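So you can see what is in the structure, the chains are spelled out below.
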Amino acid sequence: MTTTSEAPLGIIGVVDAVTARLRRRILSGEIRSGDPVTEAAVSQTFGVARPSAKAAIEQLVASGLLARTAHRSARVVGIDPETVRDVYRTRARLESAALRDLAATRTVPPAALDANAEILGMPPGPDPATVDPDLRFHTALIDALESERTGRMYRSVLDEVRLCMAQVQGRRLLDASVIAAQHAEILDAVASGDADRAAALLDAHLSSAEERLVAALDTD
């Protein structure tokens, strides 16, 4: 190891910090769909060098939150019905397979129970605050497989999943108590070893959010 190895570590730390703050602004709606995200603006806003700003933008392009075409600035991706359907169906494929494996051993992830308990503790009604525990519930199903590659595949679409979920709850389309009840049914099916029922309940759960968001987008 040479003495120059410390410099990249510092750069990576700055890039990750800027990426995280940009991600939060996009997911919160502070930076809106279609808004440009330029290297110059990121550099000035966060007080970082242009290379660090560029690297942060590239990370968000890779995660699907930003899109960039040749010779044009990156922009926040638009959420349209086609995107919503593709994101939710990708989720369904991965999560359904995970549930079948978990049901085979009747493994109920404690992290999923904890996340759903948090949702159950929220007041009834639509609430954007459900997005974080809701996402933790679904991610716990994947993580319980203890497969690095499956987890990596799921996380490759996680930002787009979160963006869609934020749109659903930001529009107040789903009741927290309904989400928690559906989650509980899924876990009950896993606990009883009923893989087909668990997968069917998941499909209905995700399809409900998908269709509500698509319908809302169609009326915008």
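Section: helix α4 (residues 81-104)
For an α-helix, the turn length of 3.6 residues means that residues three or four places apart are oriented alike. Given a rise of 1.5 Å per residue, 24 residues ought to cover 34 Å, and the 34 Å separating the end C-alpha atoms of α4 matches this to within 8%. Among all positions of α4, only Val84, Val87, Tyr88, Arg91, Ala92, Leu94, Glu95, Ser96, Ala98, Leu99, Leu102 and Ala103 are buried. Of the residues trailing α4, arginine 106 is marked for its positive phi of about 55 degrees.

Focus: the packing of helix α5 (residues 110-120) against helix α9 (residues 176-191)
Closest axis-to-axis distance for the α5/α9 pair is 9 Å, and the angle between their directions is 155 degrees. On the basis of their axis angle, the class for α5 and α9 is roughly antiparallel. In the crossing of α5 with α9, the sense of the turn from one axis to the other is left-handed. Together, Ala112, Leu113, Asn116, Ile119 and Leu120 of α5 and Ala176, Ile179, Ala180, His183, Ala184 and Leu187 of α9 make up the contact between the two elements. Of the residues in the contact of α5 with α9, the class split is 9 nonpolar, 2 polar and no charged.

Points about the nonpolar core
Ranked by size, the top nonpolar core spans 61 residues in total, and within it Leu22, Val37, Val42, Leu66 and Val84 carry the most contacts. With sequence-adjacent residues up to four places away left out, leucine 22 is seen in contact with Ile31, Val37, Val42, Phe46, Ala56 and Leu60.

Observations concerning the sheet that holds strand β2 (residues 66-67)
If you walk across this open sheet you meet the 3 strands as β1-β3-β2, and the pairing is antiparallel. Edge positions in the sheet fall to β1 (36-37) and β2, since each of these pairs with one other strand and no more. Where β1 lies against strand β3 (residues 74-76), 2 bridges are found, and the strand directions are antiparallel. Note on β3: the bridge partner recorded for valine 37 is alanine 74.

Re the packing of α5 against helix α6 (residues 131-143)
The N-to-C vectors of α5 and α6 enclose an angle of 165 degrees; their axes lie 8 Å apart at closest approach. By the angle between their directions, the pair α5 and α6 is classed as roughly antiparallel. For the pair α5 and α6, the crossing hand works out as left-handed. Two secondary-structure elements touch here, α5 through Ala111, Ala112, Ala115, Asn116, Glu118 and Ile119 and α6 through Pro133, Asp134, Arg136, Phe137, Ala140 and Leu141. A breakdown of the residues in the contact of α5 with α6 according to their chemical character gives 8 nonpolar, 1 polar and 3 charged.

Some points on the pattern of salt bridges
By the definition in use, this model includes 12 salt bridges. Across the pair aspartate 159 and arginine 23 runs a salt bridge whose closest N-O atoms are separated by 2.9 Å. On the criterion of sequence distance, the pair formed by aspartate 159 in helix α8 (residues 158-170) and arginine 23 in helix α1 (residues 6-28) is long-range, its members being 136 residues apart. Between arginine 85 and glutamate 210 there is a salt bridge, and its shortest N-O distance comes to 2.8 Å.

Topic: the side chain of threonine 19
Following the sequence through the fold, threonine 19 ends up in helix α1. The residues contacting threonine 19, other than those within four sequence positions of it, are Ala56, Gln59 and Leu60.

Focus on the confidence of the model for the protein
Averaged over every residue, the pLDDT of the protein is 86; residues scoring 70 or more account for 90%. Throughout residues 1-9 the model reports pLDDT below 50, and contacts reaching past four residues in sequence, or to other chains, amount to 0 contacts.

Side note on the environment of isoleucine 57
Structurally, the position occupied by isoleucine 57 is in helix α3 (residues 50-63). In this structure isoleucine 57 comes out as buried when scored by relative accessible area, which is 1%. Sequence separation between isoleucine 57 and valine 42 is 15 residues; the distance between their C-alpha atoms is 8.5 Å. Beyond its immediate sequence surroundings of up to four residues, isoleucine 57 is in contact with Val37, Thr38, Glu39, Val42, Leu66, Arg68 and Ala74.

Rules of the game
- Residues numbered from 1 in each chain as written.
- Predicted model: local features only at pLDDT ≥ 70, side-chain atom pairs only at ≥ 80, totals over all residues.
- Heavy atoms only, no water.
- Helix = DSSP H or I, 4+ residues; strand = E, 2+ residues; numbered from the N terminus.
- Expected span 1.5 Å × (residues − 1).
- Buried < 20%, exposed > 50% of the residue type's maximum accessible area, 1.4 Å probe, protein only.
- Axes fitted to C-alpha atoms, helices over the stretch in contact; angles between N-to-C directions.
- Parallel < 35°, antiparallel > 145°, perpendicular 65-115°, else oblique.
- Left-handed = near helix turned anticlockwise from the far one by under 90°.
- Contact = heavy atoms within 4.5 Å.
- Nonpolar A, V, L, I, M, F, W, Y, C, P; charged D, E, K, R; others polar.
- Core = buried A, V, L, I, M, F, W, Y, C linked by side-chain atoms within 4.5 Å.
- Pairing = 2+ DSSP bridges.
- Salt bridge = Lys/Arg side-chain N within 4 Å of Asp/Glu carboxyl O.
- pLDDT = per-residue confidence, 0-100.

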